[in-house]
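Take a look at the letters that make up each chain.
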Amino acid sequence: MAESAPAPGPEGEQPARPDGAEAAGEPTRLLRAALQEVSTVIVGQDQMVERTLIALIAKGHCLLEGVPGIAKTLAVSTLAKVTGGSFTRLQFTPDLVPSDIVGTRIYHPSTEQFDVELGPVFTNFVLADEINRAPAKVQSSLLEVMAEKQVSIGGTTYPLPDPFVVIATQNPVESEGVYPLPEAQRDRFLMKVEMTHPRAHEEMEILRRMSATPPEAHQILDPVTLLELQGDAERVHVHQLIADYVVRLVMATREPENYGLPELRRILEIGASPRATLGLVACARSLALIRGRDYVLPDDVRVLARDVMAHRLVLTFDALADGTTTAQVVDRYWPRYRRPGSSGTIRPPAARPPWPHGRPAMAHPAPRPGFDPRLHAALRRLDLRVVRRLEGMLHGEHLGLWLGPGSESAEARVYQPGEDDVRLMDWAVTARTTTPHVRDLVADRELESWSLVDMSASMDFGTGHQEKREVALGALAAVNVLTQRVGDRFGAHFLHRGQIRRWPARSGKAALLALLSTVASAPRGDGRNGAGVSLGEGLADLARTRPRRGLRVIISDFLDTPPGADAQAPAPWEPALRQLSLRHQVLAVEVVDPRELDLPGIGLVTMQDPETGRSREVRLTKKVQQRYREAAQAQRAAVRGGLRRCGVPHLVLRTDRDWIVDMARFVVEQRRTAHRLARHTPVVPR
């Protein structure tokens, strides 16, 4: 292999070379031949194939994201065949466990010793197909593999073969049965490449090739040649100005106000890590080598910035609620930079709209015109209260709603021949007790939660610390935070202005923030829809339109119950709630204001019914106060009785109390009850 210029050094002039000069002619020829061989099978994904080869030469890992049917898996397997070396495909599934990937220790009773069985990652190329279909704990098992290129089993470290690369694929359009990659896992990938559908002429070429015998690729490279190509890429020259250019680009994501981009402070919560700096330089070197140069140009960095940086950024609350993506952020602020050598600084902000090509495409409905920006701050404070306070009070994991296989380990028990799966054998416990034991698994099924939120005019009332609507909003956020795990979905129905409004089920924090923004910005009831949809009709609609089993949360003041009703008589909403509870796990959250339970003796007042808008002057004598108090108590007793007959847990939140503390106490009590029931529930044979 031909030698090339050294790595970035002290400041100095770039050596004069003609653009496109092939100082490393043989490496470039081999790399271009490999790309050409892959293109005989893959049509319309030239950029993706080039980016994947760049990641391979840069000693990094690549994440491919695209809709189904655009040859993600075929492209990776073809590239592995062309570049040579051993190849393993791992199909990620919800029941996968970490030991299926990295390996485990197996106990042999005949020798009374443990033997190490290495996993399928001990190969040159690992294809993690549909990586987002496995739980987060399985995804995290690749952290050490991808970063240190080694596996630790039983206190012993096993190095992986060299070269080693992980190429993962994921489908971004599905929300059922998928688990988004955590930030730490995404940061391990050198590049994230977004794939799109082929164009019309490319689709015609695909049809022509696949109508006959599909073409097959042939091997061009081998592992030894790949190691030599990686060494050639490391010797590609990077000028000091370009190195400074890369550093400033990454630092602008962490300290945007110091680099002339103050508007990014409200968009970016966490900037790119140092891996982005190292990755940009490594990828730019590999791209220069493919294009026949032994030095890096600014364009090499520019064309790779989105693939290397976008997946490492974490957006703020405001950006998530607005539907902004990290790719849009990178595309937005990149033109604000001057090329290296012109001025070495960033252009000052110009007087133009924040998004020159129009508002980014929204994943959720945008806030309506006139949306109060203070609402974003209020929702941000609500998010912090729920996450920091409520989750800080409640520790531990929730058990699944149904028994079934999963990936979360539970208690060990004695093995039952003919009933238990031998693959669930716990060899460590078996060795200690000399009796075969199996490990039970917590059900790892996707949970679909639906909330019915009463937003009628009576919920706009409040004389305590906040209105009932604000408490309902907090309860909606808290329930979703507590019940959602990775891959779970939540949706909502609203009773608003006499109609039922529906929010489709989605997963992720961005969807939750958009849902809360929609609820918080909804207009108040005007009292003109008093004869609209009742709570019972809303419950019946929820049961009819959402038949899939899951969690159902009812948030209301339950004022549909007639005042002074008999506690033994069924409430108007009781039949629909009983029918709903037969199929789903239901939680009822009752929101109460103290003035709905008692009235102060303040003389003549004007009282208005928020549902109908009718008003009446009433003199609050002691007799009136007593009758009002008795009627309110009877009404609340009827609500409690109806919920008890339906077998629904009942949580009361008041506007004059700290509702977070009340919810934490309720959840703790529910966990204790569930734990007591689990201890006395017999094991169901498999």
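Predicted, not measured: the structure shown is a model, and the values here were computed from it.

Rules used in this analysis
Residues numbered from 1 in each chain as written. Predicted model: local features only at pLDDT ≥ 70, side-chain atom pairs only at ≥ 80, totals over all residues. Heavy atoms only, no water. Helix = DSSP H or I, 4+ residues; strand = E, 2+ residues; numbered from the N terminus. Buried < 20%, exposed > 50% of the residue type's maximum accessible area, 1.4 Å probe, protein only. Contact = heavy atoms within 4.5 Å. Areas by Shrake-Rupley, 256 points an atom, 1.4 Å probe, with all protein chains shown as cover. Phe/Tyr/Trp six-rings, centres within 6.5 Å; stacked < 30°, edge-to-face > 60°. Lys NZ or Arg CZ within 6 Å of the ring centre and 35° of its normal. Core = buried A, V, L, I, M, F, W, Y, C linked by side-chain atoms within 4.5 Å. Axes fitted to C-alpha atoms, helices over the stretch in contact; angles between N-to-C directions. Parallel < 35°, antiparallel > 145°, perpendicular 65-115°, else oblique. Left-handed = near helix turned anticlockwise from the far one by under 90°. Pairing = 2+ DSSP bridges. Salt bridge = Lys/Arg side-chain N within 4 Å of Asp/Glu carboxyl O. Disulfide = S-S within 2.5 Å.

Enquirer: Report on the overall build of the protein chain, specifying residues and quantitative values.
Expert: When you go through the protein chain residue by residue, the secondary structure sums to 22 helices and 21 strands. Sorting the 686 residues of the protein chain into buried and exposed places 46% on the buried side. In the protein chain, 78% of the contacts between residues at least 6 apart in sequence involve partners at least 24 apart. When the accessible area of the protein chain is evaluated, it comes to approximately 33,100 Å², of which 53% is carbon and sulfur surface.

Enquirer: Can you explain the packing of aromatic side chains? Please cite residues and give values.
Expert: We describe a pair of aromatic rings using the distance from one ring centre to the other and the angle between the two ring planes. Counted by the stated rule, this structure contains two aromatic pairs. An angle of 55 degrees between the planes, with centres 5.2 Å apart, marks the rings of tyrosine 107 and phenylalanine 114 as tilted. Among the residues examined, phenylalanine 114 registers a relative accessible area of 31% and is labelled partly exposed. Over the face of the ring belonging to phenylalanine 114 we find arginine 105, whose NZ or CZ atom lies 4.6 Å from the ring centre. Above the ring of tyrosine 295, the side-chain terminus of arginine 293 is found at 5.8 Å from the ring centroid.

Enquirer: Could you give me a rundown of the nonpolar core, with the residues and numbers involved?
Expert: With 71 residues, the main nonpolar core has Leu53, Leu64, Met191, Leu280 and Val296 as its most contacted residues. Looking at this core, the element that brings in the most residues is helix 11 (residues 274-290), giving nine residues. Excluding anything up to four places from it in sequence, methionine 191 contacts Arg51, Ile54, Ala55, His61, Cys62, Leu63, Cys283, Leu304, Asp307, Val308 and His311.

Enquirer: Give me the lowdown on the packing of helix 11 against helix 12 (residues 298-309), citing residues and values where you can.
Expert: Each pair of packed helices can be described by the angle between their axes along with the distance between the axes. As a packed pair, helix 11 and helix 12 sit with axes 9 Å apart at the nearest point and diverge in direction by 130 degrees. With respect to their mutual orientation, helix 11 and helix 12 come out oblique. The handedness of the crossing between helix 11 and helix 12 is right-handed. Together, Ala276, Gly279, Leu280, Cys283, Ala284, Leu287 and Ala288 of helix 11 and Asp300, Val301, Val303, Leu304, Ala305, Val308 and Met309 of helix 12 make up the contact between the two elements.

Enquirer: Mind laying out the pairing of strand 6 (residues 150-153), listing which residues take part and the relevant values?
Expert: Residue alternation in strand 6 divides its side chains into a buried set, Val151 and Ile153, and an unburied set, Gln150 and Ser152. As defined by bridge partners, strand 6 adjoins strand 7 (residues 156-159) across four bridges and the pair is classed as antiparallel. Across the sheet, the residue bridging to glutamine 150 is proline 159, located in strand 7. Taken together, strand 6 and the strand that follows it, strand 7, pair antiparallel across an intervening segment of two residues, in which glycine 154 is found at a positive phi of about 60 degrees.

Enquirer: Before we move on, can you summarise the pattern of salt bridges with the specific residues and values?
Expert: This structure, assessed with the given rule, holds 33 salt bridges. A salt bridge links lysine 192 to glutamate 65, with the shortest nitrogen-to-oxygen separation between them at 3.3 Å. Note that lysine 192 is positioned in strand 9 (residues 191-194) and glutamate 65 in strand 1 (residues 62-65), a separation of 127 residues in sequence. Each of the two residues, lysine 192 as well as glutamate 65, counts as buried. Residues arginine 306 and glutamate 194 are paired through a salt bridge, measuring 3.4 Å at the closest nitrogen-oxygen approach. With a gap of 112 residues between them, arginine 306 in helix 12 and glutamate 194 in strand 9 connect regions that are remote in the sequence. On the basis of relative accessibility, which here comes to 34%, the residue arginine 306 falls in the partly exposed class.

Enquirer: Any chance you could break down the environment of leucine 261 for me, citing the residues and the numbers?
Expert: You can see leucine 261 is positioned in the loop between helix 10 (240-254) and strand 10 (268-270). Since its relative accessible area comes to 0%, leucine 261 is described here as buried. Along the primary structure leucine 261 and tyrosine 333 are separated by 72 residues, whereas in three dimensions their C-alpha atoms are 7.8 Å apart.

Enquirer: So what's going on with the state of the cysteines? Residues and values would help.
Expert: The tally for this structure, following the rule as stated, stands at zero disulfides. In this model cysteine 283 remains outside any disulfide bridge; the closest cysteine sulfur is found in cysteine 62, 8.8 Å from its own.

Enquirer: An account of the sheet that holds strand 9 is requested, with residue identities and associated values reported.
Expert: Overall, parallel pairing links the five strands, which are arranged 2-5-8-1-9 in an open sheet. Here the strands that pair on one side only, and so sit at the sheet edges, are strand 2 (87-91) and strand 9. Taking the axes of each pair of neighbouring strands and ignoring which way they run, one obtains an average angle of 15 degrees across the sheet. In this structure, strand 1 lies alongside strand 8 (residues 165-170), joined through four bridges in parallel fashion. Bridge pairing in strand 8 places cysteine 62 opposite isoleucine 167. Along the sheet face, helix 2 (residues 46-57) touches strand 1, strand 5 (125-129), strand 8 and strand 9 and points at about 170 degrees away from the line of strand 9.

Enquirer: An account of the sheet that holds strand 15 (residues 489-496) is needed here, citing residue identities and associated values.
Expert: Strands sit in the order 16-15-14-17-18-21 across an open sheet of six strands; the sheet is mixed. Because the sheet does not close on itself, it has two edges, and the strands there are strand 16 (499-506) and strand 21 (650-654). Each neighbouring strand pair of the sheet contributes to a mean axis angle of 15 degrees, computed without reference to strand direction. Sheet analysis places strand 14 (residues 448-454) next to strand 17 (residues 551-556), joined by five bridges and oriented parallel.

Enquirer: Could you give an account of unusual backbone geometry, naming the residues involved and the relevant values?
Expert: In this structure, proline 163 follows aspartate 162 across a cis peptide bond, with omega equal to 5 degrees. Mapped onto the secondary structure, proline 163 falls in the loop between strand 7 and strand 8. Unusually for a residue other than glycine, alanine 71 sits at a positive phi of about 70 degrees. Note on placement: alanine 71 falls in the loop between strand 1 and helix 3 (72-83). One non-glycine residue, arginine 497, adopts positive backbone phi at about 55 degrees. In this fold, arginine 497 is placed in the loop between strand 15 and strand 16.

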